[in-house]
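The lines below spell out each chain.
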Amino acid sequence: MFDMMKMMGQIKEVQGKVKQAQENLVHITADGEAGAGMVKATVNGKKQVISIEIDESLMNDKDKEMIQDLTVAAVNKAMEEVDGLAKEEMKKATDGVLPNIPGMDLGNMFNG
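- Labelled according to an unreviewed UniProt entry, the chain appears under the name Nucleoid-associated protein QYS47_17915, originating from Marivirga arenosa.
- Looking at the Function (unreviewed entry) heading of the UniProt record, one finds this comment for the chain: "Binds to DNA and alters its conformation. May be involved in regulation of gene expression, nucleoid organization and DNA protection."
- UniProt's Subunit (unreviewed entry) comment on the chain is quoted here verbatim: "Homodimer."

1. Thoughts on the overall build of the chain
Logical step 1: Counting its secondary structure elements, the chain contains three helices and three strands.
Logical step 2: What you see in the chain, going N to C, is helices and strands ordered as α-β-β-β-α-α.
Logical step 3: Expressed as a percentage of its 112 residues, the buried residues of the chain come to 29%.
Logical step 4: Taking the intrachain contacts of the chain between residues at least 6 apart in sequence as the baseline, contacts between residues at least 24 apart amount to 51%.

2. Remarks on the environment of L85
Logical step 1: Locating L85 in the fold gives a position in helix 2 (residues 64–94).
Logical step 2: Of the residues examined, L85 reaches a relative accessible area of 34% and is grouped as partly exposed.
Logical step 3: With 56 residues separating them in the primary sequence, L85 and T29 have C-alpha atoms 8.3 Å apart.
Logical step 4: If we ignore the near neighbours within four places in the chain, the residues touching L85 are I28, T29 and A30.

3. A word on the UniProt feature "coiled-coil region" (unreviewed entry) in the chain
Logical step 1: Under the feature "coiled-coil region" (unreviewed entry), the UniProt entry names residues 4–31.
Logical step 2: The span residues 4–31 shows a helical share of 75% and a strand share of 11%, and its end C-alpha atoms are spaced 45 Å apart.

4. Examining unusual backbone geometry
Logical step 1: A positive phi angle is found at A36, which is not glycine, with a value near 55°.
Logical step 2: Note that A36 resides in the loop between strand 1 (29–34) and strand 2 (39–44).
Logical step 3: Take A36: its relative accessible area is 83%, and that puts it in the exposed class.
Logical step 4: Positive phi outside glycine occurs at K47, with the angle close to 60°.
Logical step 5: Residue position: K47 is located in the loop between strand 2 and strand 3 (49–54).

About the cut-offs
- Residues numbered from 1 in each chain as written.
- Predicted model: local features only at pLDDT ≥ 70, side-chain atom pairs only at ≥ 80, totals over all residues.
- Heavy atoms only, no water.
- UniProt positions renumbered as here; feature names shortened; annotations may be inferred.
- Helix = DSSP H or I, 4+ residues; strand = E, 2+ residues; numbered from the N terminus.
- Buried < 20%, exposed > 50% of the residue type's maximum accessible area, 1.4 Å probe, protein only.
- Contact = heavy atoms within 4.5 Å.

Now the structure itself:
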């Protein structure tokens, strides 16, 4: 019985750490760029686009499609980068508390 209570306490502790880490994801940012830096995107760990910068040399109607393509590419690069950073943050939050099980996504384990 005591071991079960201890385990429940540890689960609550992990849930608290995971929740705090999830809340902190808003402060983790990553940049992505495309077109040799002509378009830059910044996203946070909650996968929200924070900013998009477009070089003025692209600002004309004939380059509209290229701007759209470069913007998508820059955002996707930033999303990939922040995904790795967010996973590292979640790993730090649970390090030493739960075993590291390959393929187990702790970020989604305690949602809700």
